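Below are the chains, spelled out letter by letter.
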Amino acid sequence: MNNVQKNNFKDFKICDSHMHLAYPETVDATEKTFREIMEYFCFDRIALMCLTTGSSYRKSDAAGNLKALYIKDKFNRKRADSTFVYGSPVHFFDERDTAENYLNQVKTLYNMGVDGYKFLDGKPSLRKKLGRKLCDPIYDKMYAFIEEKGLPVKMHVADPPTFWGAKETMSEAALTHGWWFGDGTYSSFEELHEEVYGILKKFPKLKFCPAHCFYLGHRIDELTAFFDNWENT
């Protein structure tokens, strides 16, 4: 029995828009996993989020873009438009990180057939390692290209606000993953949001989706204003 039958759920068409590939699973194992997920949970469509850099949770994979595009091709041959891929540019953390390199990477991914882009840059730990704002001019050419092509960006921005609180209140699992940001060396919850507003002020037509609803579930008015103020969010 699938999940809908087992729990007597209504049979809706569902697109799971945020699924990650796991490293170091092989492409065959990855394909098998997503087929089983789609069948069991009765997903009509899935969107695979690639992460090439920055995840501490078995998701960063330099081959992720290729894996996901391979799976998209196989799944869509069987049923068109069942699978979408959000490609992920690579950060090198050295002199290779230039405006031209970021632009060339998103162009290459576009030509390879991605349907959008996934950025983890707003995760406090990766943002700290990058050492530059999310709205830094180094990204302008990249975002200008993405805006021009009309492809969406899904970005992880911040984390639950409690991750900046007292360390004693953090779960053991969160501490193990390095998700406490209250020692003063990380960008604050507010700063990360302001940096996203900085991107959208420069590229107001950018199709921008903040993952996990911007972690603003506790401030619904602010979240509503965000969606109202930017036409493609």
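Before reading further, recall that the structure is shown in the block above.
Every value quoted in this text rests on a predicted model; they were computed, and no experiment measured them.

Visitor: Tell me about the overall build of the chain, residues and numbers included.
Guide: Summing up its helical and strand segments, the chain has nine helices and six strands in all. For 233 residues, the compact-globule estimate of 2.2 N^0.38 gives 17 Å, and the C-alpha radius of gyration of the chain, at 18 Å, lies within 12% of that figure. For the C-alpha atoms alone, the extent of the chain along its principal axes is close to 50 × 45 × 35 Å. Counting every position in the chain, which comprises 233 residues, the buried fraction comes to 45%. Of all intrachain contacts in the chain linking residues separated by at least 6 positions in sequence, the fraction that spans at least 24 positions is 72%.

Visitor: Could you give an account of the nonpolar core, with specific residues and numbers?
Guide: Membership of the largest hydrophobic core comes to 59 residues, with the highest contact counts inside it found for Tyr117, Tyr143, Ile146 and Met155. The leading source of residues in this core is helix H8 (residues 189-202), at six residues. Ignoring anything within four residues of it in the chain, the contact list for Tyr117 reads Tyr86, Gly87, Val106, Leu109, Tyr110, Phe145, Ile146, Leu151, Pro152, Val153 and Lys154.

Visitor: Summarise the pairing of strand E1 (residues 14-20); cite the residues concerned and give the values.
Guide: Relative to strand E2 (residues 43-49), E1 runs parallel, the two sharing five bridges. Paired with Cys15 across the strands is Arg45, a residue of E2. Between E1 and its parallel partner E2, the chain crosses via helix H2 (residues 27-41), and the hand of that crossover is right-handed.

Visitor: Account for unusual backbone geometry, naming residues and giving values.
Guide: Glycine aside, residues mostly have negative phi angles, and peptide bonds mostly take the trans form. Note the cis peptide between Tyr23 and Pro24, where omega equals 10 degrees. Non-glycine residue Asn8 carries a positive phi angle of around 55 degrees. When you line up the elements, Asn8 lands in the loop between helix H1 (3-7) and E1. In this structure, His212 takes a positive phi of about 60 degrees despite not being glycine. Residue class for His212 comes out partly exposed when judged on its relative accessible area of 45%.

Visitor: Outline the packing of helix H4 (residues 99-112) against helix H6 (residues 140-149), listing residues and values.
Guide: Packed helix pairs are specified by the crossing angle of their axes together with the interaxial distance, meaning the distance between the axes. One can describe the packing of H4 onto H6 by two numbers: an axis separation of 8 Å at closest approach and a directional angle of 25 degrees. In terms of their interaxial angle, H4 and H6 are classed as roughly parallel. Counting all contacts with H4, which are made through Ala99, Glu100, Tyr102, Leu103, Val106, Lys107 and Tyr110, the residues of H6 involved are Lys141, Met142, Phe145, Ile146 and Lys149. Its residues assigned to classes, the contact of H4 with H6 shows eight nonpolar, no polar and four charged.

Visitor: Tell me what's going on with the state of the cysteines, and back it up with residues and numbers.
Guide: Scanning the entire structure with this criterion turns up zero disulfides. For the unlinked cysteine Cys135, the closest cysteine sulfur is that of Cys209, found at 19 Å. With a relative accessible area of 35%, Cys209 lands in the partly exposed category.

Visitor: Describe the pattern of salt bridges, with residues and values.
Guide: Under the criterion given, the structure shown has 16 salt bridges. A salt bridge links Glu231 to Lys205; its shortest N-O distance comes to 3.1 Å. One end of the pair, Glu231, is in the segment after helix H9 (220-229); the other, Lys205, is in the loop between H8 and strand E6 (207-210), with 26 residues separating them in the sequence. We classify Glu231 as exposed; its relative accessible area is 56%. Of the charged contacts in the structure, one is a salt bridge between Arg219 and Glu222, with a shortest N-O distance of 2.7 Å. With a relative accessible area of 25%, Arg219 lands in the partly exposed category. Looking at Glu222, the relative accessible area reads 26%, which means it is partly exposed. Counted as one network, the salt bridges with shared partners bring together Glu31, Arg35 and Lys74.

Visitor: Requested: an account of empty space enclosed by the protein, with residues and values cited.
Guide: This structure, assessed with the given rule, holds one cavity of 30 Å³ or more. The computed volume of the largest cavity comes to approximately 50 Å³. Taken together, Leu51, Thr52, Thr53, Ser88, Pro89, His91, Lys118, Phe119, Leu120, Asp121 and Leu126 make up the full set of residues lining the largest cavity. A total of four residues in the lining of the largest cavity trace back to one element, the largest contributor, which is strand E4 (residues 116-122). Broken down by class, the residue content of the lining of the largest cavity amounts to five nonpolar, four polar and two charged.

The rules behind each value
- Residues numbered from 1 in each chain as written.
- Predicted model: local features only at pLDDT ≥ 70, side-chain atom pairs only at ≥ 80, totals over all residues.
- Heavy atoms only, no water.
- Helix = DSSP H or I, 4+ residues; strand = E, 2+ residues; numbered from the N terminus.
- Rg over C-alpha atoms; globule rule 2.2 N^0.38 Å.
- Buried < 20%, exposed > 50% of the residue type's maximum accessible area, 1.4 Å probe, protein only.
- Contact = heavy atoms within 4.5 Å.
- Core = buried A, V, L, I, M, F, W, Y, C linked by side-chain atoms within 4.5 Å.
- Pairing = 2+ DSSP bridges.
- Right-handed = clockwise from strand over helix to strand, strands pointing away.
- Axes fitted to C-alpha atoms, helices over the stretch in contact; angles between N-to-C directions.
- Parallel < 35°, antiparallel > 145°, perpendicular 65-115°, else oblique.
- Nonpolar A, V, L, I, M, F, W, Y, C, P; charged D, E, K, R; others polar.
- Disulfide = S-S within 2.5 Å.
- Salt bridge = Lys/Arg side-chain N within 4 Å of Asp/Glu carboxyl O.
- 1 Å grid on protein atoms, 1.4 Å probe; cavity = no way out; pocket = protein on both sides within 12 Å on 5 of 7 lines; lining within 4 Å.
- Points joined across faces, edges and corners; volume = space filled by probe spheres on them.

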